[in-house]
Amino acid sequence: AKEAGKGVYAVYDRGMHTEFNERVVIEKHLRSALDNEEFELFYQPQVDLLTGAISGFEALIRWNSPVLGFVSPLSFIKIAEDSRLIIPIGEWVLRKACHFMSGLCQQKNNCYKIAVNISVIQLLQDDFIETVLNVLSESGISPGCLELEITETVFIESFERIVGKLEYLKMQGIRIALDDFGTGYSSLSYLQQLPITTLKMDKAFIDPLSDDSYSQSFIRTMVSLGHEMGLEVVAEGVEDSSQLVILEEAGCDKVQGYLFSRPLSQRNTQELMRRHKLD
Ligand code: C2E
Ligand code: CA
Ligand code: CA
Ligand code: CA
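Rules used throughout
Residues numbered from 1 in each chain as written. Chains lettered and ligands numbered in written order. Predicted model: local features only at pLDDT ≥ 70, side-chain atom pairs only at ≥ 80, totals over all residues. Heavy atoms only, no water. Donors = N, O, S within 2.8 Å, 3.2 Å for Na, K, Ca; no water. Helix = DSSP H or I, 4+ residues; strand = E, 2+ residues; numbered from the N terminus. Buried < 20%, exposed > 50% of the residue type's maximum accessible area, 1.4 Å probe, protein only. Salt bridge = Lys/Arg side-chain N within 4 Å of Asp/Glu carboxyl O. Contact = heavy atoms within 4.5 Å. Near = heavy atom within 4 Å. Polar contact = N/O pair within 3.5 Å; in protein donor to acceptor, adjacent residues only side chain to side chain. Areas by Shrake-Rupley, 256 points an atom, 1.4 Å probe, with all protein chains shown as cover. 1 Å grid on protein atoms, 1.4 Å probe; cavity = no way out; pocket = protein on both sides within 12 Å on 5 of 7 lines; lining within 4 Å. Sits in = over half its atoms within 2 Å of the grid points. Axes fitted to C-alpha atoms, helices over the stretch in contact; angles between N-to-C directions. Parallel < 35°, antiparallel > 145°, perpendicular 65-115°, else oblique. Left-handed = near helix turned anticlockwise from the far one by under 90°. Nonpolar A, V, L, I, M, F, W, Y, C, P; charged D, E, K, R; others polar. Disulfide = S-S within 2.5 Å.

A word on the coordination of the calcium ion (ligand 2)
Tetrahedral coordination by four donors sets the ideal angle at the metal to 109.5 degrees; octahedral coordination by six donors sets it to 90 or 180 degrees.
Next up, step 1: Each protein donor to the calcium ion (ligand 2) is listed here as Glu58 (OE), Asn117 (OD1), Glu149 (OE) and Asp179 (OD); together their distances run 2.1 to 2.3 Å.
Next up, step 2: All donors to the calcium ion (ligand 2) come from one chain, and their sequence spacing reads E-x58-N-x31-E-x29-D.
Next up, step 3: Taken as an interatomic distance, the gap from the calcium ion (ligand 2) to the calcium ion (ligand 3) is 3.8 Å; Asp179 donates to each of them. Placement of Glu149 in strand β5 (residues 146-151) and of Asp179 in strand β6 (residues 175-181) is noted, with a sequence separation of 30 residues between them. Each member of the pair, Glu149 as well as Asp179, is classed as buried.

Observations concerning the pattern of salt bridges
Next up, step 1: Taken as a whole and assessed by the stated rule, the structure comprises 17 salt bridges.
Next up, step 2: Its salt-bridge partner being Lys113, residue Glu232 comes within 3.4 Å of it at the nearest N-O pair. Remark: Lys113 occurs in strand β4 (residues 113-117) and Glu232 occurs in strand β8 (residues 232-236); sequence separation between them is 119 residues.
Next up, step 3: Note that Arg274 and Glu271 form a salt bridge whose closest N and O atoms lie 3.0 Å from each other.

Topic: the coordination of the calcium ion (ligand 3)
Next up, step 1: Taken together, Asp179 (OD), Asp180 (OD), Glu236 (OE) and Glu236 (OE) make up the full set of protein donors to the calcium ion (ligand 3), lying 2.2 to 2.5 Å away.
Next up, step 2: Spacing between the donor residues of the calcium ion (ligand 3) along the chain follows D-D-x55-E.

Side note on the side chain of Ser55
Next up, step 1: By the element assignment, Ser55 lies in strand β2 (residues 54-65).
Next up, step 2: When near neighbours in sequence (up to four residues on either side) are disregarded, Ser55 contacts Gln46, Val47, Asp48, Cys111, Tyr112, Lys113 and Lys254.

Points about the site of ligand 1
Next up, step 1: Around ligand 1, the structure places 20 residues, and the nearest of them are Gln44, Arg62, Lys203, Glu239 and Tyr258.
Next up, step 2: Arg62 has a polar side-chain atom sitting 2.8 Å from an oxygen atom of ligand 1.
Next up, step 3: Note that an oxygen atom of ligand 1 is positioned 3.1 Å from one of the side-chain N or O atoms of Asn117.
Next up, step 4: Calculation on ligand 1 without its partners gives an accessible area of 800 Å², and the protein chains cover 82% of this total.
Next up, step 5: Among the cavities detected, the one that contains ligand 1 is the largest pocket.

With respect to the packing of helix α4 (residues 86-108) against helix α13 (residues 266-275)
Next up, step 1: Taken N-terminus to C-terminus, the directions of α4 and α13 make an angle of 20°; their axes are 11 Å apart at the nearest point. Taken as axis vectors, α4 and α13 run roughly parallel relative to one another. The two elements α4 and α13 cross, and the hand of that crossing is right-handed. Side by side, α4 and α13 meet where Lys96, Phe100, Leu104, Gln107 and Lys108 of the first sit next to Gln266, Thr269, Gln270, Met273 and Arg274 of the second.
Next up, step 2: Here the residues of the contact of α4 with α13 are counted per class, giving three nonpolar, four polar and three charged.

Here's the deal with the state of the cysteines
Next up, step 1: Evaluation of the coordinates by the stated rule reveals one disulfide.
Next up, step 2: Each disulfide pairs two cysteine sulfurs, and for Cys111 the partner residue is Cys145, the sulfurs being separated by 2.3 Å. On the sign convention where negative means left-handed, the S-S torsion of about -140° between Cys111 and Cys145 marks this disulfide as left-handed. Residue Cys111 is located in the loop between α4 and β4, and its partner Cys145 is located in the loop between α6 (128-139) and β5; the two are separated by 34 residues in the primary sequence.
Next up, step 3: The partly exposed category is assigned to Cys111, whose relative accessible area is 45%.
Next up, step 4: For Cys145, a relative accessible area of 3% corresponds to the buried category.

Functional significance is not addressed by these values, which are geometric in nature.
See below:
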């Protein structure tokens, strides 16, 4: 692109020549995205398999750039992390999610869990604990309604420090989910050392469930392991009812996926909950 603005857009549209160019362009527009209010939070319901009712939501960020259009978090989160822009963006997500959930819980006179994805860059910040506790008290939701979703990679970064922080937050009553469980390299012995409350089984293990008996016994093993350790077990990426039947048989606690709902805008989440009965 020789010129700014439209020129950049045209090049982007045709596909980037190199990954480097794409990163530079995304980062450039990411810098002003928060101030320009280009982010939106979507909410994907989690269903409790015992009651059949919605028990909570995962907050998922959406970016509609006036220049680039909709950019998937799969494309920009890594760039936000490398540029450290994830720190203000992640704080915005946390605050927005907790405030929204506070309103919803009051309206329904019920406590819903809100799960928020947290990057290792945020966790490593000196004031991370303070930020989380501030957001909790500002929004008025109880600590048990907040679940921080982290991936196994956070533990290679700086094991002692991260474990210490998560332990503290867990002691305050905040829930900690190990996201994408099974895709990393956690050995079972190491899993026991982690201050977590929830195992989130990755979609990669849910996908083959309907037609593969090995994956079925694997899921049963993961669920029993989680329960043995006193953890709640959540399945993500549940797309069809045959997967659901197997997860129910395996004793999985909660499910999330397109079978129940795609991630919804705030407005559509409110609409869904207006119709949703408490069981
Ligand atoms: P994730 O945390 O593993 O989130 C689950 C992803 O699977 C979401 O993609 C969700 O929309 C999608 N999904 C849910 N159910 C289904 C299903 O049944 N089928 C299929 N095919 N997909 C399903 P999304 O929203 O594009 O987010 C992608 C990733 O970006 C997330 O993966 C997470 O790692 C990251 N991310 C999203 N929002 C945030 C955020 O606010 N902060 C941070 N740090 N990362 C975020
Ligand atoms: Ca997640
Ligand atoms: Ca996940
Ligand atoms: Ca994932």
